[in-house]
Amino acid sequence: MRVAAIIAAGGKGARLGGDRPKQLLDIGGRTILEHSVGAFLRSSRVDELVVVLPRELASRPIEALVRLDVGKPLRVVAGGPRRQDSVARGFDAVGPESDVIVVHDAARPFVSEALIARTIDAAARFGAAVAALPASDTVKQAAPDAHAGEELPVVQSTLPRDTIYLAQTPQAFQRRVLADAIALGRRGVEATDEAWLAERAGHTVRLVPGDRQNVKITTAEDLDVARASRLGPGGLRIGLGYDLHRLAAGRPLWLGGVRLPHPRGLMGHSDADAVCHALTDAILGAAAAGDIGQHFPDTDPAWKDASSVDLLKRAMRLVRSKGYQLVNVDIVVLAEQPVLAPHLPAMTACLAGALEIDPGAIGIKGKTGEGIGEVGRGEAIAVHAVALLAACNSPYQRRS
Ligand code: MG
């Protein structure tokens, strides 16, 4: 038995907003499209793939697909205005020798190989099969209030829950069944999935147990939850930062955004605030978002005499835009002189303001170099920092 997969990714994903098409948004370092296509590339049951993309994406090589190890025939075709048009165009591109065709929404990136296999097996046996979940909530049928102006709908009836199933994809069909379904769609019948067209074409459609992990990414909240779920326990990420600057006479000494009274200060391109630098690297590192030198290169005049607190704020904005919140940070400052303890509360307050977190989430302490090494001889100040980030919707995220 030869099996083809049609991955429907022809939509614009307008509900998610943003300037990138939904299928190219990132979850855990791979696009939604890569996750979905990758599952079918890995499936030993699938022999060929047709990926249906919006016309503007289909005409150029998609980085997401180029990165995948394509070990089987894969065609990219341009989709149509509606989902059913896109699947129909995908069907036209399927090789003539495929017996079973499985259709999947790219917006369900966590489809498992087991679910793909059981949908294909059921379709091979019965003609058409859809992954579906039994409804766990009580189902109400409702209608808008007939009296104008009331936005809350009115319940018309309560459906017996044990007869209600929520259809997912994959949906698999013997070739002749899908051909009938698509022919009906081409004659003007509208449907939100291919199984519906197959039913109306007179075919029996079976339900196979779906998978609660096989979520559809529709809203920004779906995306946040999906990202958190891909990041390991609780969606937590840790980062490490380190910095060292030489001490020199005649320079102001800035540490943690505070100017300390001291005859010598740190040398550097900016204000040389090693606490802010180490912390910036820890925060960027936790998000695997590069480092301070990459984002704020000292060869760029834009950052000459830049406030390091400002760089820290910029790094924090960057990781927030990737869907993370800061949980806590911890910092060790290695300095022989000056004595840091009296200044730690001011540094904590400054960093808490810059990072927009509670001062209680900031640990900072001083250590001397015991008179040895570059720190102990008073030649340099060094800083170690760690930062913990949580993905939005992680149970560890900061409540604000
Ligand atoms: Mg530095």
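Analysis parameters
Residues numbered from 1 in each chain as written. Predicted model: local features only at pLDDT ≥ 70, side-chain atom pairs only at ≥ 80, totals over all residues. Heavy atoms only, no water. Helix = DSSP H or I, 4+ residues; strand = E, 2+ residues; numbered from the N terminus. Buried < 20%, exposed > 50% of the residue type's maximum accessible area, 1.4 Å probe, protein only. Lys, Arg positive; Asp, Glu negative; His and termini not counted. Salt bridge = Lys/Arg side-chain N within 4 Å of Asp/Glu carboxyl O. Polar contact = N/O pair within 3.5 Å; in protein donor to acceptor, adjacent residues only side chain to side chain. Donors = N, O, S within 2.8 Å, 3.2 Å for Na, K, Ca; no water. Core = buried A, V, L, I, M, F, W, Y, C linked by side-chain atoms within 4.5 Å. Pairing = 2+ DSSP bridges. Axes fitted to C-alpha atoms, helices over the stretch in contact; angles between N-to-C directions. Contact = heavy atoms within 4.5 Å.

Here we take up the side chain of Asp-271. Here Asp-271 shows up in the loop between β15 (264-266) and α9 (274-286). One buried charged residue, Asp-271, forms no salt bridge at all, with the nearest opposite charge on Arg-251 at 6.8 Å. Of note is the side chain of Asp-271, whose polar atom sits 3.1 Å from the backbone nitrogen of Asp-273. There is a polar contact of 2.4 Å between the side chain of Asp-271 and the side chain of Ser-308.

Quick look at the pattern of salt bridges now. Considering all chains together, one arrives at 14 salt bridges under this definition. Here Asp-85 makes a salt bridge to Arg-82, at a shortest N to O gap of 3.0 Å. For Asp-85, a relative accessible area of 17% corresponds to the buried category. Measuring nitrogen to oxygen at the nearest pair gives 3.1 Å for the salt bridge that ties Arg-314 to Asp-310. Pair noted here: Arg-314 and Asp-310 are both in helix α11 (residues 308-321), with a separation of four residues, about one helical turn. You can call Arg-314 partly exposed: its relative accessible area is 34%.

Binding of the magnesium ion to the protein goes through Asp-243 (OD), His-245 (NE2) and His-277 (ND1), at separations of 2.1 to 2.2 Å. Each donor residue of the magnesium ion lies on the same chain, and together they follow the pattern D-x1-H-x31-H.

Once that is clear, we can look at the nonpolar core. Within the largest apolar cluster, 47 residues are counted, with the highest numbers of intra-cluster contacts made by Leu-255, Leu-279, Ile-283, Leu-326, Ile-331, Val-333 and Leu-355. For this core, the elements supplying multiple residues, two or more each, are β13 (253-255), β14 (258-260), α9, α11, β16 (324-334), α12 (344-355), β17 (362-367) and β18 (380-391). Broken down by element, the residue count for this core peaks at nine residues, all from α9.

Below, the discussion takes up the sheet that holds β17. Read across the open sheet, the five strands follow the order β15-β12-β18-β16-β17; overall the sheet is mixed. Unpaired on one side and paired on the other, β15 and β17 mark the two borders of the sheet. On average, adjacent strands in this sheet sit at an angle of 20° to one another, irrespective of strand direction. Here β16 pairs with β18 via ten bridges, running antiparallel. Bridged to Leu-334 within β18 is Ala-382.

A word on the sheet that holds strand β5 (residues 74-78). Here we have seven strands laid out as an open sheet, ordered β5-β4-β1-β6-β10-β7-β11, and mixed in their pairing. The sheet terminates laterally at β5 and β11 (206-209), the two strands that pair on one side only. Here the strands of the sheet are splayed against their neighbours by 25° on average, with no regard to which way each runs. Bridge count for strand β1 (residues 3-8) against strand β6 (residues 100-105) is six bridges, and the pairing is parallel. Each bridged residue has a counterpart across the sheet, and for Val-3 the counterpart in β6 is Val-100. Packing of helix α1 (residues 32-42) onto the sheet brings it into contact with β1, β4 (48-53), β5 and β6, and relative to β4 it is tilted by some 160°.

Interpretation in functional terms is not warranted from these geometric data alone.
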